[in-house]
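# Overview (structure and organization)
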Amino acid sequence: MNLSRRQFFKVLSGIAALALSPKDGLSYKGKFATLIDITRCDGCNDEPIPRCVKACREENKHRFPEPKKPIMPYWPRKTYEDWSDKRDKIDTLTPYNWLFIQKVEIEGKTLYIPRRCMHCDTPPCVKGCPFGALSKQPEGNTVIDHSICFGGAKCRDICPWHIPQRQAGVGIYLKLMPKFAGGGVMYKCDLCDARIKRGEEPACVIACRERLKDRTVYKFGHREEIYAEARRRAEKEGLYIYGDTQNGGTSTLYLSAISFEKIEAKLKELKARFQMPVKVRNLYKEEINPLGVAVLSAGAMGILTGVVGALAGKKQDDKEVL
Amino acid sequence: MGRKIKRYGAIVRLEHWMVALSGIMLIFTGLGCLPLFKRYYITELPGFKWTANFYTVTKLHYIFAIFFVFAVLFHIFYHGLRRDFSLLPKKGDFIASLKMILASFGLGKEPPADKWLPEQRWAYVGIGFTTLIVLLTGIIKVLKNLEWIYFGPKVESTINLLHTISGGLFILLFFIHIFFVLAVKSNWPLLKAMLTGYVDEEYVKHRHPLWYERLRKRLQ
Ligand code: SF4
Ligand code: SF4
Ligand code: SF4
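Throughout this document, residue positions are counted from 1 along each chain, in the order its sequence is written. Lettering for chains starts from A, numbering for ligands starts from 1, and both go in the order in which the items are written. Local features in this predicted model are restricted to residues of pLDDT 70 or higher, and side-chain atom pairs are both shown and tallied only at a pLDDT of 80 or more, whereas totals for entire chains, interfaces and linings draw on every residue. Water and hydrogen atoms play no part in the side-chain values, which are based on all heavy atoms of the structure.

Check the secondary structure of chain B and you find 8 helices and 2 strands. Helix and strand definitions follow DSSP, with helices as H or I runs of at least four residues and strands as E runs of at least two, each counted in order from the N terminus. Order of helices (α) and strands (β) in chain B, N terminus to C terminus: β-α-α-α-α-α-α-β-α-α. Principal axes of the C-alpha set define a box for chain B whose edges measure 60 × 40 × 30 Å. Residue exposure (1.4 Å probe, protein chains only): buried if accessible area is under 20% of the type maximum, exposed if over 50%, otherwise partly exposed. Looking at the 220 residues of chain B, the share that counts as buried comes to 47%. Whether two residues are in contact is decided by their heavy atoms, any of which lying within 4.5 Å being enough. Of the contacts formed within chain B by residues at least 6 apart in sequence, a portion of 70% connects residues at least 24 apart. Where accessible areas are quoted, they stem from the Shrake-Rupley method and a 1.4 Å probe; at the residue level, only the protein chains shown are allowed to cover. Within the structure as shown, chain B displays about 11,300 Å² of accessible surface, and the carbon and sulfur contribution to it stands at 75%. Of the charged side chains in chain B, 28 are positive and 13 negative; the average position of the first set lies 1 Å away from that of the second. Counting rule for charge: Lys and Arg are taken as positive, Asp and Glu as negative, and neither His nor the chain ends is counted. Every charge is mapped to an atom, namely NZ of Lys, CZ of Arg, CG of Asp or CD of Glu.

Here it is in structure tokens:
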């Protein structure tokens with residue numbers, strides 16, 4: 001190695017500068033958001049299957065898992081997650097059903113709440129995936145790449161709503177060590193990534209509007225407009241908002257005439273598979289990122305003490321003594 | 001016998017143990033960031049219940065990274081600026097280290113070595129390079145989580161995956177390192193030296209004849 005001290009320093013400071021320069025104007029907040037007005041949803045109770053749910057299944061059916069049977073259990077456990085015989089199930093989230101209508105009765109009123117991924121601004125599922133199978137798109141949606149997903153279901157664990165759903169017997173893990181690691185592939189709403197990238201609206205949004213016309217439940221649009229509209233309507237009509245503060249903000253805003261505290265309490269009482277907690281802290285933002293600043297500072301300190309130590313100490317340290 | 005020769009200075013030992021201890025904890029918490037502990041009942045071991053919470057494990061991973069990142073960057077800048085490059089491989093090290101490894105299994109004789117054994121230099125480069133990748137991708141993940149930088153989905157995914165893969169490689173090399181220290185008896189004095197700083201003169205005479213020569217010349 002014939003690096004001079006100056007060259008060596010140049011290279012390293014170059015790398016550091018490159019890594020540390022913040023890129024302005026690029027934010028995690030996506031372009032779009034969805035308003036879900038649950039004061040208007042009747043669960044399509046005059047139809048065999050809610051229009052939005054049907055549209056979602058239709059839109060995504062070519063991406064549904066086709067597991068090879070028999071499916072191996074998750075060794076050393078004897079269990080595995082298989083929904084392939086329950087494809088028709090529409091009253092909960094499954095790998096074959098990425099949107100469902102949650103029915104709750106509160107104070108004599110029946111609420112129908114379309115439930116799917118919230119598309120968080122700071123999505124733990126994306127940050128936590130060890131394989132990089134999840135990503136946050138510029139549009140604001142979070143997307144699972146089914147070809148990389150190992151199906152460890154960590155995203156479901158760290159998602160405050162436990163949205164992603166697992167199907168065993170499919171995916172890349174089958175090609176590696178299927179017995180010992182991996183559990184399938186995770187599935188969830190991707191906000192119709194392909195459609196919105198083409199400039200179209202999500203399938204569920206269109207399907208609901210076809211039925212309810214201008215009283216439609218969903219509104220998909222630019223984030224600022226959706227946020228502004230939700231706040232305006234909440235104020236004017238005395239409605240409650242959900243999704244603007246939860247988990248540090250999301251791209252999905254619910255409007256309800258009944259407070260979300262009441263909805264939360266009811267869902268808790270029902271021990272529903274999908275809850276709606278009002279207080280959702282974003283632990284990446286609140287607890288992990290401050291430690292991240294500490295890691296970076298430690299790096300800077302390491303460089304500083306290294307430079308100072310080298311310049312001050314010169315060559316005494318490695319003088320071997322007899 | 002009797003005389004001691006200083007092999008590792010205080011700073012080197014401090015660096016080594018800081019990297020080693022934080023490294024072990026980073027390996028454990030890093031593995032805990034993969035969805036495996038629950039499946040393999042580790043979360044059910046007494047005292048290990050906390051490993052079931054990914055957020056706790058991630059926070060600990062960050063905390064140990066504080067020490068690791070400090071030590072590694074200190075190491076690079078301190079020794080880089082002092083131009084302590086004797087641990088980088090030299091010509092002929094490759095063949096010599098093969099002989100060394102064979103000798104540690106009782107096949108043939110060890111070639112005469114300087115202060116650093118040839119395979120030590122290769123190990124250093126291997127572990128060093130892997131460490132750099134884990135460290136860099138880790139720091140990029142931190143920056144990305146802080147949203148100080150933004151790459152777009154493709155690059156982010158690649159970096160996440162790269163951190164996991166290089167982390168796996170780090171674990172592998174880490175265990176190979178520990179194996180060669182513990183299982184090869186002729187390496188035991190080196191372990192002692194990493195703790196106390198010193199090796200016996202006899203050891204140097206036999207195992208590091210080139211280094212011994214230099215030491216003797218310098219003293220005369
Ligand atoms: S959101 Fe619209 S389409 Fe879906 S169930 Fe409610 S009314 Fe029907
Ligand atoms: S709701 Fe859950 S799955 Fe959807 S983006 Fe947020 S954390 Fe991820
Ligand atoms: S946005 Fe697309 S994927 Fe998501 S629930 Fe609606 S139709 Fe399904």
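That was the structure; now back to the text.
A word on the packing of helix H1 (residues 10-32) of chain B against helix H6 (residues 188-196) of chain B. All names here are of chain B. Where H1 contacts H6, the two axes come as close as 8 Å, and the packing angle between them is 105°. Overall, the two elements H1 and H6 adopt an arrangement that is roughly perpendicular. Of H6, the residues touching H1 (which contributes Arg13, His16 and Trp17) are Leu191, Ala193, Met194, Leu195 and Thr196. Amino acid classes used here: Ala, Val, Leu, Ile, Met, Phe, Trp, Tyr, Cys and Pro are nonpolar; Asp, Glu, Lys and Arg are charged; the rest, including Gly, are polar. Taken together, the residues of the contact of H1 with H6 break down into 5 nonpolar, 2 polar and 1 charged. Interaxial angles span 0 to 180 degrees and are taken between N-to-C directions of axes, which are lines fitted to C-alpha atoms, for helices over the stretch in contact. When an angle is under 35 degrees it counts as roughly parallel; over 145 it counts as roughly antiparallel; between 65 and 115 it counts as roughly perpendicular; any other value is oblique.

Residues and elements named next belong to chain A. By convention in this text, a residue qualifies as near a molecule or strand provided that one of its non-hydrogen atoms is within 4 Å of it. Around ligand 3, the structure places Cys56, Asn60, Leu99, Arg116, Cys189, Asp190, Leu191, Cys192, Pro202, Ala203 and Cys204. Listing elements by their share of the shell around ligand 3, those giving two or more residues are helix H2 (51-60) and helix H6 (203-212). Tallied by class, the residues present in the shell around ligand 3 amount to 8 nonpolar, 1 polar and 2 charged.

Here we come to helix H5 (residues 153-183) of chain B. A helix is expected to span 1.5 Å multiplied by its residue count minus one. Taking 1.5 Å of rise per residue, 31 residues should cover 45 Å, and H5(B) covers 45 Å from first to last C-alpha, within 8% of that figure. Along H5(B), the residues that are buried comprise B:Pro153, B:Glu156, B:Ser157, B:Ile159, B:Asn160, B:His163, B:Ser166, B:Gly167, B:Phe170, B:Ile171, B:Phe174 and B:Val181. Packed against the buried residues of H5(B) are helix H3 (124-128) and strand E4 (134-136) of chain A together with H1, helix H2 (54-82), helix H4 (118-145) and H6 of chain B.

This part is about the interface of chain A and chain B. With 72 residues of chain A in contact, the opposing surface of chain B contributes 61 residues. Taken over both partners, the interface formed by chain A and chain B buries close to 6,400 Å², and the fraction arising from carbon and sulfur atoms is 66%. The working definition used for a salt bridge is a side-chain nitrogen of Lys or Arg within 4 Å of a carboxyl oxygen of Asp or Glu. Remark: the boundary between chain A and chain B carries 4 salt bridges. Nitrogen and oxygen atoms within 3.5 Å of one another constitute a polar contact, given that in protein one can donate a hydrogen and the other can accept it, and given that sequence-neighbouring residues count only through two side-chain atoms. Counting across the chain A and chain B interface gives 16 residue pairs in polar contact (both at pLDDT 80 or more). When residues of the side of chain A that touches chain B are traced back to their parent elements, those giving at least two are helix H1 (5-20), H3, E4, helix H4 (154-158) and helix H9 (283-313) of chain A. Of the residues belonging to the side of chain A that touches chain B, the class tally is 40 nonpolar, 17 polar and 15 charged. Simply put, the buried area is the total loss of 1.4 Å probe accessible area from both parts when two parts are fitted together.

In a beta sheet, neighbouring strands pair by backbone hydrogen bonds and run either parallel or antiparallel. Residue and element names in this part refer to chain A. In this description, strands pair whenever DSSP reports at least two bridges between them. Within the open sheet, the 4 strands sit side by side as E8-E1-E10-E9. Their pairing is mixed. The sheet terminates laterally at strand E8 (218-222) and strand E9 (240-242), the two strands that pair on one side only. This sheet shows a mean twist of 25° between the axes of neighbouring strands, independent of strand direction. On the sheet, helix H7 (residues 223-237) packs against strand E1 (32-37), E8, E9 and strand E10 (252-256) and is oriented at approximately 130° with respect to E8.

All names here are of chain A. The term disulfide is used for any two cysteine sulfur atoms that are within 2.5 Å. Going through the model one piece at a time under the given rule, you end up with 0 disulfides over all chains. Free of any disulfide, cysteine 155 has its nearest cysteine sulfur in cysteine 149, 6.2 Å distant. Taking the relative accessible area as the measure of exposure, cysteine 155 reaches 8% and is therefore buried.

Let us now look at unusual backbone geometry. All names here are of chain A. A cis amide bond links lysine 69 with the next residue in sequence, proline 70, at an omega value of -5°. Within the fold, proline 70 resides in the loop between H2 and strand E2 (100-106). A positive phi angle, close to 50°, is found at lysine 213, a residue other than glycine. Note that lysine 213 resides in the loop between H6 and E8.

Here we come to the side chain of A:Asp190. Positionally, A:Asp190 belongs in the loop between strand E7 (185-187) and helix H5 (193-197). Among residues more than four places away in sequence, those in contact with A:Asp190 are A:Arg63, A:His119, A:Asn141, A:Thr142 and A:Val143.

Turning to a nonpolar patch on the surface, a few remarks are in order. What makes a patch is a set of residues exposed beyond 30% relative accessible area and free of salt bridges, joined within 9 Å when like-charged and within 5 Å when nonpolar (Val, Leu, Ile, Met, Phe, Trp, Tyr). Taken together, the side chains of A:Trp75, A:Leu176, A:Met177 and A:Phe180 make up a nonpolar region of the molecular surface, amounting to roughly 410 Å² of accessible area. Position of A:Trp75 among the secondary structure elements: in the loop between H2 and E2.

Take the site of ligand 1 next. Ligand 1 sits among 14 residues. The nearest are A:Cys41, A:Cys44, A:Cys52, A:Cys208 and A:Tyr218. Those elements that provide at least two residues to the shell around ligand 1 are H2 and H6 of chain A.

This next bit is on the packing of H2(A) against H6(A). Residue and element names in this part refer to chain A. It is the contact of H2 with H6, at a shortest axis distance of 8 Å, that shows an interaxial angle of 140°. By the angle between their axes, H2 is oblique relative to H6. H6 is crossed by H2, and the crossing has right-handed handedness. The residues of H6 that touch H2, namely those facing Arg51, Cys52, Ala55 and Glu59, are Ala203, Cys204, Ala207, Glu210 and Arg211. Working rule for handedness: look at the near helix, and if it is turned counterclockwise from the far one by less than a right angle, call the crossing left-handed; if clockwise, right-handed.

All names here are of chain A. Counting across every chain of the model gives 38 salt bridges over all chains. The residue arginine 63 makes a salt bridge to aspartate 190 at a minimum N-O spacing of 2.8 Å. Placement of arginine 63 in the loop between H2 and E2 and of aspartate 190 in the loop between E7 and H5 is noted, with a sequence separation of 127 residues between them. A relative accessible area of 25% means that arginine 63 is categorised as partly exposed. Among the charged side chains, a network of salt bridges with common partners joins Asp42, Asp46, Glu47, Arg51 and Arg211.

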